[in-house]
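Spelled out, the chains give:
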Amino acid sequence: MTLAQRIKMIRKQFGLSQTDFAEKIDITQTSLSQIEGEKNGISYDVFKGIIEKFEIDPTWLMDGTGSMIRTESSKKKTGAIPLVVQVNKSDEEENIVVVDRKAAAGYLQGQEDPDYISKLPSFRLPGFHGKTFRAFEITGDSMTPGIKPKDLIVGAYVDSLHEVKKGEVYISVLHDGSIVAKRIIPIGGDKYEFRSDNSTYEPYYVNAEEIAQLWKAEARITKELEKPKEHDKFSEIEQRLMQLEKKMK
């Protein structure tokens, strides 16, 4: 069950329409509809509003663990913190937040803070909606030749490690503060192989509990355009010679 489905379950549990539920957590019915339809992520204010207004266990809301309604013991816990997003006020759609090289150093500590996220640069891409996306600047050459240093990789948020597809590229935010782009291969026992495309780098293994966030690579934005290969240059010369030959006839 997804986060959006759990929010809808809460609303149904209390017998509220989208309009009434949205009013209680201080958002519009349109915003709630987009959240329940998994078109937008959930902001910190919405997360906090649901917990406080309906006495919902924050751990259950984030990952479905435990009971929906908060018990006395769960009220003593700090609870889970949601994925904080940037929402454009004009159309209530999510922006793609950019985590560049400078921001990466403090990202793990700051990503739970709405004020921190709101100050990061952001943009939109046509066709990138319905999920929460984030763009990470790549450092190092471990994923060359396909991904180069200073490229931006646009990643879609992965809600569960069970969704990892073997051999696909993911941006992993680890609990030690590092952010890495690797091909991930589940090997069982909550352990994952992290593999580089650059063969000079050896693969290594990461346990599930070491991973704080995971983003599946969906697009690459680069400033480094490929130079034409030698045979392409010769082909271009041949075409020019043929054109000159036609003009001379």
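I will try to describe carefully the structure that is included in this document.

### Examining helix 1 (residues 3-13)
Because each turn of an α-helix spans 3.6 residues, side chains separated by three or four positions end up pointing in the same direction.
Here is step 1 of the chain: Buried residues of helix 1: Leu-3, Ala-4, Arg-6, Ile-7, Ile-10 and Arg-11, and no others. Relative to the axis of helix 1, the buried residues are bounded by an arc of 165° and lie together on one face. Residues Lys-12 and Gln-13 are exposed on helix 1 and point more than 90 degrees away from its buried face.
Here is step 2 of the chain: Gly-15 sits one or two residues past helix 1 and shows a positive phi near 65°.

### Here's the deal with the nonpolar core
Here is step 1 of the chain: Counting 20 residues, the largest nonpolar core has Ile-7, Ile-10, Phe-21, Ile-50, Ile-56 and Leu-61 as its most contacted members.
Here is step 2 of the chain: Those elements that provide at least two residues to this core are helix 1, helix 2 (18-24), helix 3 (29-36), helix 4 (44-54) and helix 5 (58-63).
Here is step 3 of the chain: Counting residues per element, this core draws most heavily on helix 4, at 5 residues.
Here is step 4 of the chain: Ile-10 has contacts with Phe-21, Ile-50, Phe-54, Ile-56, Trp-60, Leu-61 and Met-68, leaving out every residue within four places of it along the chain.
Here is step 5 of the chain: Counting residues in hydrophobic clusters, the runner-up holds 19 residues, among them Tyr-107, Ile-153, Ala-181 and Trp-215.

### Observations regarding the side chain of Gln-213
Here is step 1 of the chain: Secondary-structure assignment places Gln-213 in strand 9 (residues 211-221).
Here is step 2 of the chain: Looking at Gln-213, its side chain comes within polar contact range of the side chain of Tyr-107, at 2.6 Å.

### Points about the packing of helix 1 against helix 3
Think of two packed helices as two axes; the pair is described by the angle between the axes and how far apart they sit.
Here is step 1 of the chain: The geometry of helix 1 relative to helix 3 is characterised by a closest axis approach of 8 Å and an angle of 125° between their N-to-C directions. With respect to their mutual orientation, helix 1 and helix 3 come out oblique. Counting all contacts with helix 1, which are made through Ala-4, Ile-7, Lys-8 and Arg-11, the residues of helix 3 involved are Leu-32, Ile-35 and Glu-36.
Here is step 2 of the chain: Of the residues belonging to the contact of helix 1 with helix 3, the class tally is 4 nonpolar, no polar and 3 charged.

### Notes on the environment of Ile-7
Here is step 1 of the chain: Among the structural elements, Ile-7 can be located in helix 1.
Here is step 2 of the chain: Ile-7 sits in the buried class, given a relative accessible area of 1%.
Here is step 3 of the chain: Between the C-alpha atom of Ile-7 and that of Phe-47, which follows or precedes it by 40 residues, the distance is 9.6 Å.
Here is step 4 of the chain: Excluding its chain neighbours within four sequence positions, the residues that come into contact with Ile-7 are Phe-21, Leu-32, Ile-35, Ile-42, Ile-50 and Leu-61.

Definitions and cut-offs
- Here the residue numbering is sequential within each chain, running from 1 through the sequence in written order.
- The predicted nature of this model means local features are confined to residues of pLDDT at least 70 and side-chain atom pairs, given and counted, to a pLDDT of 80 or more, with totals for whole chains, interfaces and linings taken over all residues.
- Each side-chain value is worked out from all heavy atoms of the structure, with water and hydrogens disregarded.
- Only protein chains enter the accessibility calculation, which uses a 1.4 Å probe. A residue is then buried if its area is under 20% of the maximum for its type, exposed if over 50%, and partly exposed in between.
- Helix numbering and strand numbering both begin at the N terminus, where a helix is a DSSP run of H or I of at least 4 residues and a strand a DSSP run of E of at least 2.
- Working note: the arc is built from the helix axis to C-beta atom directions.
- The set of buried Ala, Val, Leu, Ile, Met, Phe, Trp, Tyr and Cys residues whose side-chain atoms join them within 4.5 Å is what this entry labels a nonpolar core.
- Two residues qualify as a contact provided that any one of their heavy atoms is within 4.5 Å of a heavy atom in the partner residue.
- Polar contacts here mean pairs of N or O atoms no more than 3.5 Å apart (in protein, one a potential hydrogen donor and the other a potential acceptor; neighbouring residues in sequence count only if both atoms are side-chain atoms).
- In this analysis, axes come from line fits to C-alpha atoms, helices being fitted only over the stretch in contact, and the angle between any two N-to-C directions falls in the range 0 to 180 degrees.
- The scheme is simple: roughly parallel for angles under 35 degrees, roughly antiparallel for over 145, roughly perpendicular for 65 to 115, oblique for anything else.
- The nonpolar class holds Ala, Val, Leu, Ile, Met, Phe, Trp, Tyr, Cys and Pro. Asp, Glu, Lys and Arg form the charged class, and all remaining residues, Gly among them, are polar.

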